[in-house]
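# A look at the structure
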Amino acid sequence: MQHNQRRERLFAHAPDGVLVLPAAPAAHRAPDIEYRFRQESNLYYLTGWAEPHSVAVIRRVKERAELTLFTQPRDEAAERWTGPRPGPEGAQQDHGADQAFVMDELAAKLPELLLGASTLYYAFGRDRALDDQVFAALTQARGLARRRRVPVPDTVTLPDRLLGAQRVVKDDAEQQLLRQACDTTVAGHLAALRLARPGLTERDLEAELDYTFRRHGAEGP
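Each chain carries its own residue numbering, running from 1 in the written order of its sequence. Local features in this predicted model are restricted to residues whose pLDDT is 70 or higher, and side-chain atom pairs enter the listing and the counts only when it is 80 or higher, whereas totals over whole chains, interfaces and linings include all residues. Side-chain numbers come from the whole structure's heavy atoms, not from hydrogens or water.

## Overview of the side chain of T212
So the rule is basically this: Counting from the N terminus, the helices are the DSSP runs of H or I reaching at least four residues and the strands are the DSSP runs of E reaching at least two. Relative accessibility decides the category of a residue: with a 1.4 Å probe and only protein chains considered, values under 20% of the type maximum give buried, values over 50% give exposed, and everything between is partly exposed. In this analysis, two residues are considered to be in contact whenever any of their non-hydrogen atoms come within 4.5 Å of each other.
Position of T212 relative to the elements: it lies in helix α9 (residues 202-215). A relative accessible area of 1% means that T212 is categorised as buried. In contact with T212, other than residues within four places in its own chain, are A187, G188 and A191.

## A few points about the packing of helix α5 (residues 106-114) against helix α6 (residues 128-148)
Rules: Axis definition: a line fitted to C-alpha atoms, over the contacting stretch in the case of helices. Angles run 0 to 180 degrees between N-to-C directions. Put simply, angles under 35 degrees are roughly parallel, angles over 145 are roughly antiparallel, angles from 65 to 115 are roughly perpendicular, and the rest are oblique. Handedness of a helix crossing follows the sense of rotation of the near helix relative to the far helix, less than a right angle counterclockwise being left-handed and clockwise being right-handed.
Viewed as axis vectors pointing N to C, α5 and α6 meet at an angle of 50°, and their least axial separation amounts to 8 Å. The orientation of α5 relative to α6 falls into the category oblique. Between α5 and α6 lies a crossing whose hand is right-handed. Across from L106, A107, L110, P111, E112 and L114 in α5, the residues of α6 making contact are L130, Q133, V134, A137, L138, Q140, A141, L144 and R148.

## With respect to the packing of helix α1 (residues 3-13) against helix α7 (residues 159-168)
Two quantities define a packed helix pair, namely the angle between the axes and the distance from one axis to the other. Defined as follows: Basically, the charged four are Asp, Glu, Lys and Arg, the nonpolar ten are Ala, Val, Leu, Ile, Met, Phe, Trp, Tyr, Cys and Pro, and anything else, Gly included, counts as polar.
Orientation of α1 relative to α7, taken along the N-to-C sense of each, is 120°, at an axis distance of 10 Å. Our pair here, α1 against α7, has a crossing hand that is right-handed. Packed against α1, whose contacting residues are R6, R9, L10 and H13, the element α7 presents L162, L163 and Q166 at the interface. Considered class by class, the residues forming the contact of α1 with α7 number 3 nonpolar, 2 polar and 2 charged.

## Regarding the side chain of Q72
Rule in force here: Two N or O atoms form a polar contact when they lie within 3.5 Å of each other; inside protein one atom must be a possible hydrogen donor and the other a possible acceptor, and for residues adjacent in sequence the pair counts only when both atoms belong to side chains.
Within the fold, Q72 resides in the loop between β5 (64-71) and α3 (76-82). In this structure the side chain of Q72 is engaged in a polar contact, spanning 3.4 Å, whose partner is the side chain of R85. In contact with Q72, other than residues within four places in its own chain, are E51, P52, H53, R85, G87, P88 and M103.

## Details of the pairing of β5
Short version of the rule: One bridge is not enough; two strands pair if DSSP finds at least two bridges between them.
Burial analysis of β5 places 7 of its 8 residues in the buried class, which makes it a mostly covered element. Where strand β4 (residues 55-61) meets β5, 7 bridges bridge the pair, whose relative direction is antiparallel. Bridged to V57 within β5 is T68. Between β4 and β5, which pair antiparallel and follow one another directly, the connecting turn spans 2 residues, one of which, K62, has a positive phi of 50°. Both β5 and strand β6 (residues 99-102) contribute to a ladder of 4 bridges, which runs parallel. Among the inter-strand pairings, T68 is bridged to a residue of β6, identified as Q99.

## Details of the packing of aromatic side chains
Rule in force here: Note on ring pairs: Phe, Tyr and Trp rings are taken, using the six-membered ring of Trp, and paired if centres are within 6.5 Å. Classes follow the plane angle, with under 30 degrees stacked, over 60 edge-to-face and the rest tilted. Counting as a charge over the ring demands two things of the Lys NZ or Arg CZ atom: a distance within 6 Å of the ring centre and an angle within 35 degrees of the ring normal.
What the rule picks out here adds up to 3 aromatic pairs. Linked through ring pairs, Y122, F124 and F135 together constitute an aromatic cluster. Here R167 stacks its cationic end above the ring of Y45, 5.2 Å away from the centre of that ring.

## Here we look at α5
Three- or four-residue spacings in an α-helix give side chains the same orientation, since the helix completes a turn every 3.6 residues. Put simply, the test is: Relevant arc is that of directions from the helix axis to the C-beta atoms, nothing else.
Taken residue by residue, α5 has L106, L110, P111, L113 and L114 as its buried positions. Buried positions in α5, seen along its axis, are confined to an arc of 165° and lie on one side of it. Summarising the contacts, the buried residues of α5 are in contact with β1 (17-22), β4, β5, β6, β7 (119-121) and α6. Of the residues one or two after α5, G116 is the one with positive phi, at around 95°.

## Comments concerning the nonpolar core
Cut-off, in case you're wondering: As used here, the term nonpolar core means buried Ala, Val, Leu, Ile, Met, Phe, Trp, Tyr and Cys residues forming a set that is joined through side-chain atoms within 4.5 Å.
Judged by nonpolar contacts, the single largest core of 22 residues is most densely connected at V20, V55, V57, F70, L110, L114 and L120. Going through the elements one at a time, β1, β4, α5 and α6 are the ones with two or more residues in this core. In this structure, F70 is in contact with H53, S54, V55, V57, F101, V102, M103, E105, L106, K109 and L113, ignoring residues within four places of it in sequence. L10, A65, L69 and L162 belong to the second largest nonpolar core, which has 21 residues in total.

## A word on the sheet that holds β1
Sheet strands line up and pair through hydrogen bonds in the backbone, either parallel or antiparallel. Pairing is mixed across the open sheet formed by 6 strands, whose spatial order is β6-β5-β4-β1-β7-β8. Looking along the sheet, the strands with just one partner apiece sit at the ends: β6 and β8 (155-157). Averaged over all pairs of adjacent strands, the angle between strand axes in this sheet comes to 20°, irrespective of strand direction. Where β1 lies against β7, 3 bridges are found, and the strand directions are parallel.

Read these as spatial facts, not as claims about activity.
Listed below in structure tokens is the structure:
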């Protein structure tokens with residue numbers, strides 16, 4: 001199932017909701033060295049977007065799920081070190097976003113995106129700076145809603161409560177990925193068993209496991 005189909009299924013269970021899903025934070029092991037990035041699971045499940053420093057807003061507009069992505073701008077100097085960034089243009093052209101903006105525009109755009117929904121799905125308590133932006137956006141959205149006489153979120157709940165039930169049932173593509181992951185796991189452990197002998201360290205076996213996992217197409221353990 002494609003990501004846009006997952007977004008459409010979402011609103012069968014939350015026709016009057018809006019989701020605000022921040023990317024996982026990028027963690028540093030040294031001032032200029034980052035750990036390998038892994039995207040926040042719900043965001044990746046619904047969008048396939050794998051970039052840090054981003055926020056996805058998903059809402060229902062004219063009977064369809066609309067995806068708005070806020071992301072890092074293109075930066076030639078930074079991209080020399082960390083690789084290409086899609087930027088807002090790539091978010092629309094290559095990743096299915098209906099509209100996309102740089103992160104600096106989130107505070108200005110978010111109040112409008114909250115209008116028309118009665119429930120906000122957002123996990124407070126993970127990012128204080130973003131929490132403050134969402135609180136401010138709700139306050140501004142309520143003022144706009146009074147003037148325009150449209151709904152505005154009066155309930156806030158965790159995205160997991162909405163997405164948990166949907167993600168329990170795996171579609172055909174997900175089942176195939178699970179089978180592939182199982183086969184890759186078996187291949188890695190068999191390779192480590194064949195290599196194992198007195199005098200080797202766990203690091204040697206780990207290297208063989210990781211090599212086999214990657215040779216079979218996995219991104220990591």
